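Observations on the three-dimensional arrangement
Spelled out, the chains give:
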Amino acid sequence: MLSSRLKHHGAFNGVTGSCHEFKVNDSCSLLVDCGLFQGADTPGAIPDDKTRTAPTNTERSNGIADDQSIQFPIAHIKALLLTHCHIDHVGRLPWLLIAGYRGPIYCTEATAHLLPLVIEDALKVGMTRNGQLIGAVKNRIASQLRPVAYDRWESIEFEQDKVQLRFRQAGHILGSSYIEIELSDGQRVVFSGDLGCKNTPLLPDPTPLERADLLVLESTYGNRNHEARAERQQRLQAVIEHCVEDRGAVLIPAFSIGRTQELLYELEDIIHRQGDSHPAWQEIQVILDSPMAAKFTSQYQRMRKLWDNEAKQRLASDRHPLDFERLHTIDSHDQHANLVGYLRSSAAPCIVIAASGMCAGGRIVNYLKALLSDPRTDVLFVGYQARGTPGADIQKYGPRGGYVMLEGERIDINAEIHTLGGYSAHTDQNELLEFVGSAAEQGRVGEVRLVHGEEDAKQALAAALREKFNIEVS
Ligand SMILES: [Zn+2]
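Residues numbered from 1 in each chain as written. Predicted model: local features only at pLDDT ≥ 70, side-chain atom pairs only at ≥ 80, totals over all residues.

Moving on: the overall build of the protein. Tallying secondary structure elements over the protein gives 14 helices and 21 strands in all. A globule of 474 residues ought to have a C-alpha radius of gyration of about 23 Å, and the protein, at 22 Å, matches this closely. Put simply, 73% of the contacts in the protein that link residues at least 6 apart link residues at least 24 apart. (Helix = DSSP H or I, 4+ residues; strand = E, 2+ residues; numbered from the N terminus. Rg over C-alpha atoms; globule rule 2.2 N^0.38 Å. Contact = placed C-beta atoms within 7 Å.)

Right under this line is the structure:
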């Protein structure tokens, strides 16, 4: 069984800290991803009713676990492969370097491009703000990076062995991939990374799976199905309409890469379609209050050749999906503090996108502290909220009448709380089954190992896979 050659160093019984080792032979292994642990996905984490009152001893107030050190031997790791540059897949890279890893780092060209920004962010929230040190880590990573184009086989030679790798489109964020590893005996191991939904704004759909003797498959939404993009857009529009009517703010906690750009793309479209229909719509402003998200947004714009056809068509008709007139970027902390104060004391139809995505730190916390108790406010969750994070608590204990602890302060929730499932950028059960099905129905999938999911999601997906395709799932 190929799965006996797998070891999971993260994201097995949870969804953060992705890091999987595959033993190529007795002396060599490959590592796939090296992500940061967040929320309660940390060794020794305590149940979430206790994490409500104070950060756990393994968790800082920003939701990043204190101990990210690499606690497994790495001398036999001959290559690191990165599926995509979300922090929960690459954020422990600096700690891997500290542990002494000097081997090659393979990823797609776009991931290589985005990676320095992500690493800078990971270091700033988890380790240091020292510019010299951050620069040194980025240079070290740059010297080890081996960018590879999509769909092209790349050989890795070991002392007495050779494997081939190929990065395929995963449709999850810019540069995201699933990775095929062809062993010297012809067997193929596939790591799904995070798979995106079909019809994701801006991005092409995932490439169908060809074959896999072992498929290591994510299962984040293995027990759920998302609403279709059209419904999601309607619900987003309804929240924005409400904001125009009652002149309250819409707060969207979002991750810097992926969801932020998808949302901007959809918001531009909603505002564009309203045209001059109603004067109130002329007032609405979209605020991107995250210097990091703004940097990623400009990278997305720069790499527009990777956008899907719909997005390219909008560009061709002289629209600017990620840089429209009503979009404003907040940079300095003073500007940020002023805006929070302004929104607290006055009414303005305003949509604010700010990090962190799980409300465990970052500028969104200041908006939440100022505006959660205002009934005109809408909070819109567009991403997965890991166990133990304030975001999960707001979802659980909101809406009206509940409260949440933010930075040790009790904040009453009077705002409306919405969750839009589909901007998650993770595919759902139907599409996961469809992804496996293209190959499984022709007998081209050997066994599946489920990772990156809570227990109930994994169990539901495992049952569906066994029933539908009669394949071995562990
Ligand atoms: Zn991801």
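Take the pairing of strand β3 (residues 29-32) next. Residues Ser29 and Leu31 of β3 are buried on one face, and the alternating residues Leu30 and Val32, pointing to the opposite face, are buried as well. Counted between consecutive antiparallel strands, the loop separating strand β2 (residues 19-23) from β3 contains five residues. Where β3 and strand β4 (residues 77-81) come together, four bridges link them in parallel fashion. Paired with Val32 across the two strands is Leu81, which belongs to β4. (Buried ≥ 20, exposed ≤ 12 C-beta atoms within 10 Å, placed from the backbone. Pairing = 2+ DSSP bridges.)

Attention now moves to the domain arrangement of the protein. Here the protein is described as being made up of domain 1 (2-224 + 424-473) and domain 2 (229-419). A C-alpha centroid distance of 28 Å is found between domain 1 and domain 2. (Domains from an automatic or database assignment.)

Core analysis: the largest hydrophobic core is formed by 133 residues, its most contacted members being Leu251, Ile252, Ile351, Val352, Ile353 and Leu368. Looking at which element gives the most residues to this core, the answer is helix α4 (residues 109-126), with eight residues. Summarising the domain contributions, this core has at least three residues from each of domain 1 (2-224 + 424-473) and domain 2 (229-419). In contact with Leu251, other than residues within four places in its own chain, are Val352, Ile364, Tyr367, Leu368, Leu371, Thr377 and Val379. (Core = buried A, V, L, I, M, F, W, Y, C linked by C-beta atoms within 7 Å.)

Attention now goes to the sheet that holds strand β6 (residues 145-148). Spatial strand order, β1-β2-β3-β4-β5-β6: six strands in an open sheet with mixed pairing. Two strands bound the open sheet, and with one partner strand each, they are β1 (6-10) and β6. Strand-to-strand twist in this sheet, taken as the mean axis angle between neighbours without regard to direction, amounts to 25°. (Axes fitted to C-alpha atoms, helices over the stretch in contact; angles between N-to-C directions.)

Omega for the bond connecting Ala355 with Ser356 falls within 30 degrees of zero, at 5°, which places this linkage in the cis form. Checked against the element boundaries, Ser356 lands in the loop between β15 (350-354) and α11 (364-371). Phi at Leu202 takes a positive value of approximately 75°, unusual for a residue other than glycine. Inspection of the secondary structure assignment puts Leu202 in the loop between β10 (188-191) and β11 (212-218). The class of Leu202 is buried, set by 24 C-beta atoms lying within 10 Å. Although it is not a glycine, Asn470 sits at a positive phi angle of roughly 55°. With respect to the element layout, Asn470 can be found in the loop between α14 (455-469) and β21 (472-473). Taking the C-beta count within 10 Å as the criterion, Asn470 has 9 such neighbours and is therefore assigned exposed.

To continue, consider the sheet that holds β21. The strand order across the open sheet formed by seven strands is β7-β8-β9-β10-β11-β20-β21, and the pairing between neighbours is mixed. Of all the strands in the sheet, the pair left with one neighbour each is β7 (154-157) and β21. Here helix α13 (residues 429-440) sits on the sheet and contacts β11 and β20 (445-451); the angle it forms with β20, its principal contact strand, is near 160°. Lying on the sheet, α14 is in contact with β20 and β21; it crosses β20 at an angle near 170°.

Note that β7 and strand β8 (residues 162-169) share four bridges and pair antiparallel. Within β8, the residue paired with Ile156 across the bridge is Val163. The turn linking β7 back onto β8 is made up of four residues.

Bringing the packing of α13 against α14 into the picture now. In a pair of packed helices, the angle between the axes and the distance between the axes together describe the arrangement. The interhelical angle for the contact between α13 and α14, taken along N-to-C directions, is 35°, at an axis separation of 11 Å. Considering how the two elements wind past one another, α13 and α14 form a crossing that is right-handed. On the side of α13, the interface is formed by Gln429, Leu432, Leu433, Val436, Gly437 and Ala440, while α14 contributes Ala460, Leu461, Ala464, Leu465, Lys468 and Phe469. Residue classes in the contact of α13 with α14 are distributed as nine nonpolar, two polar and one charged. (Left-handed = near helix turned anticlockwise from the far one by under 90°. Nonpolar A, V, L, I, M, F, W, Y, C, P; charged D, E, K, R; others polar.)

So, on to the environment of Phe255. Here Phe255 is to be found in the loop between β12 (249-253) and α7 (259-274). Along the backbone, Phe255 and Gly453 are 198 residues apart, and their C-alpha atoms lie at a distance of 19 Å. Contacts of Phe255, omitting those with residues within four sequence positions, involve Thr260, Ala355, Gly357 and Gly383.

For helix α8 (residues 291-302), with 12 residues, the first-to-last C-alpha span of 17 Å sits near the 16 Å given by 1.5 Å per residue. Those residues of α8 not exposed but buried are Met292, Ala293, Phe296, Thr297 and Tyr300. The buried residues of α8 occupy an angular sector of 140° when the element is viewed end-on, so they sit on one face. Relative to its buried face, α8 has exposed residues pointing more than 90 degrees away, namely Ser298 and Arg302. (Expected span 1.5 Å × (residues − 1). Arc of directions from axis to C-beta.)

What follows is about the environment of Ile74. Looking at the secondary structure, you find Ile74 in the loop between α1 (48-51) and β4. Accessibility expressed as a C-beta count within 10 Å gives 17 for Ile74, which makes it partly exposed. Through-space distance from the C-alpha of Ile74 to that of Thr111 is 23 Å; in sequence the pair is 37 residues apart. If near-sequence neighbours (up to four positions away) are discounted, Ile74 is found in contact with Ala99, Gly100 and Tyr101.

On the secondary structure map, Leu133 appears in helix α5 (residues 131-144). In the structure, Leu133 is positioned 10 residues away from Leu123 in sequence and 9.4 Å away in space, judged by C-alpha atoms.

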